[in-house]
Amino acid sequence: MLEPGNAAEVARFFRYVVKGPGPQDCWWWVGAVGNDSYGRYWLSRNGRQRVVRPHRYALALALDRPLEDHEVALHQVCDNPICVRAWEALGRRAHVVAGTQSENLAGMGAKGRGGGKAQPWRWREFDRAGRVARSRRAREALRHGWDEEALRKALWHSRDPTLF
Ligand SMILES: [Zn+2]
């Protein structure tokens, strides 16, 4: 179970988040990225170290309740593994929502692992290693703040440039 963190922990979390300026943009995690292409956020609670995936952490915060282990944090809009936009804002849907593993698999099928058309960059054409590399390139591009040109270069570095 993942409980929402305290104010200091949440403030530290957001130091690793770069929000795209557009109303539908992803909120990008720019901290560590693991070998599954998802982010990593280290917590210290009750004297114990713990590592969590930032999109799950964000979802617990947005829901303002603990996230159970069986609950899946789904990227319903963007399929961007390092997106942590779990909040609705300005009438726009959250990118990360709570679901079940079966919904996760169904969504992958329906979206072709592509996450719809909301974002010009799609992840489905990448295998696991490709997704990890892409997450890390994006993270590096945004590490010092929003930089659309650097991000586009990072994301467009694809084996199939015609996709864009
Ligand atoms: Zn997103």
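Shown above is the structure to which this text applies.
Student: Report on the sheet that holds strand β3 (residues 32–33), specifying residues and quantitative values.
Tutor: Picture the strands of a sheet paired through backbone hydrogen bonds; they go either parallel or antiparallel. One open sheet accounts for three strands, arranged β3-β4-β5; its pairing is antiparallel. This sheet does not close on itself; its edge strands, each paired only once, are β3 and β5 (48–52). As defined by bridge partners, strand β4 (residues 39–45) adjoins β5 across five bridges and the pair is classed as antiparallel. Counterpart to Trp-42 in the pairing with β5 is Val-51. Each of β4 and β5 touches helix α2 (residues 54–63); the most contacted strand, β4, lies at about 60° to it.

Student: Tell me about the packing of helix α1 (residues 7–14) against α2, and name the residues and values.
Tutor: Relative to each other, α1 and α2 sit at 130°, their axes nearing to 12 Å. Classed by the angle they form, the pair α1 and α2 counts as oblique. In this structure, α1 crosses over α2, and the sense of that crossing is left-handed. Across the interface between the two elements, Glu-9, Val-10, Phe-13 and Phe-14 from α1 touch Pro-54, Tyr-57, Ala-58 and Leu-61 from α2. Split into classes, the residues belonging to the contact of α1 with α2 amount to seven nonpolar, no polar and one charged.

Student: Account for the side chain of Arg-139, with residues named and values stated.
Tutor: Structurally, the position occupied by Arg-139 is in helix α4 (residues 128–142). Residues contacting Arg-139, with those up to four places away along its chain left out, are Trp-29, Val-30, Gly-31, Ala-32, Val-33 and Ile-82.

Student: Can you lay out the packing of aromatic side chains for me, pointing to particular residues and giving the numbers?
Tutor: Summed over all chains, the structure comprises ten aromatic pairs. Pairing Trp-27 with Trp-87 gives two aromatic rings, centres 5.6 Å apart and planes at 25°, and the pair type is stacked. Remark: Trp-87 occurs in the loop between β6 (72–75) and β7 (96–99) and Trp-27 occurs in strand β2 (residues 27–29); sequence separation between them is 60 residues. Taking relative accessible area as the criterion, Trp-27 reaches 12% and is therefore assigned buried. Aromatic rings pair up to connect Phe-13, Phe-14, Tyr-16, Trp-27, Trp-29, Tyr-41, Tyr-57 and Trp-87 into one cluster. Note that Lys-19 overlies the ring of Trp-27, its terminal NZ or CZ placed 4.2 Å from the centroid.

Student: Tell me about the coordination of the zinc ion, and name the residues and values.
Tutor: Surrounding the zinc ion are the protein donor atoms Cys-26 (SG), Cys-78 (SG), Cys-83 (SG) and His-95 (ND1), at 2.1 to 2.4 Å. One way to put it: the four donor atoms around the zinc ion meet at angles of 104 to 112°, and that makes the site tetrahedral. Mapped onto the polypeptide sequence, the residues donating to the zinc ion form the spacing pattern C-x51-C-x4-C-x11-H. Residue Cys-78 is found in the loop between β6 and β7, and its partner His-95 is found in the loop between β6 and β7; the two are separated by 17 residues along the sequence. Taking the relative accessible area as the measure of exposure, Cys-78 reaches 1% and is therefore buried. Overall, the relative accessible area of 2% leaves His-95 in the buried class.

Student: Would you mind going over α1 in detail, with residue names and values included?
Tutor: The complete set of buried residues in α1 reads Glu-9, Val-10 and Phe-13. Seen from one end, α1 has its buried residues packed into an arc of 100°, which puts them on one side. Exposed residues lying more than 90 degrees from the buried face of α1 are Ala-7 and Ala-8. The secondary structure elements touched by the buried residues of α1 are β1 (17–19), β2, β4 and α2. At the N-terminal end of α1, a side-chain oxygen is found 3.2 Å from the backbone nitrogen of Ala-8, two or three residues along, and the residue is Asn-6.

Student: Hey, could you go over the pattern of salt bridges for me, with residue numbers and the actual values?
Tutor: For the structure shown, the criterion picks out nine salt bridges. Of the charged contacts in the structure, one is a salt bridge between Arg-53 and Asp-36, with a shortest N-O distance of 2.8 Å. In this pair, Arg-53 sits in the loop between β5 and α2 while Asp-36 sits in the loop between β3 and β4, placing the two residues 17 residues apart along the sequence. On the accessibility criterion, Arg-53 (35% relative accessible area) is partly exposed. For Asp-36, a relative accessible area of 14% translates into the label buried. In the salt-bridge network here, residues are joined through shared partners; they are Asp-36, Arg-40 and Arg-53.

Procedures and definitions
Residues numbered from 1 in each chain as written. Predicted model: local features only at pLDDT ≥ 70, side-chain atom pairs only at ≥ 80, totals over all residues. Heavy atoms only, no water. Pairing = 2+ DSSP bridges. Helix = DSSP H or I, 4+ residues; strand = E, 2+ residues; numbered from the N terminus. Contact = heavy atoms within 4.5 Å. Axes fitted to C-alpha atoms, helices over the stretch in contact; angles between N-to-C directions. Parallel < 35°, antiparallel > 145°, perpendicular 65-115°, else oblique. Left-handed = near helix turned anticlockwise from the far one by under 90°. Nonpolar A, V, L, I, M, F, W, Y, C, P; charged D, E, K, R; others polar. Phe/Tyr/Trp six-rings, centres within 6.5 Å; stacked < 30°, edge-to-face > 60°. Buried < 20%, exposed > 50% of the residue type's maximum accessible area, 1.4 Å probe, protein only. Lys NZ or Arg CZ within 6 Å of the ring centre and 35° of its normal. Donors = N, O, S within 2.8 Å, 3.2 Å for Na, K, Ca; no water. Tetrahedral: all angles 85-135°; square planar, octahedral: opposite > 155°, others 65-115°. Arc of directions from axis to C-beta. Polar contact = N/O pair within 3.5 Å; in protein donor to acceptor, adjacent residues only side chain to side chain. Salt bridge = Lys/Arg side-chain N within 4 Å of Asp/Glu carboxyl O.

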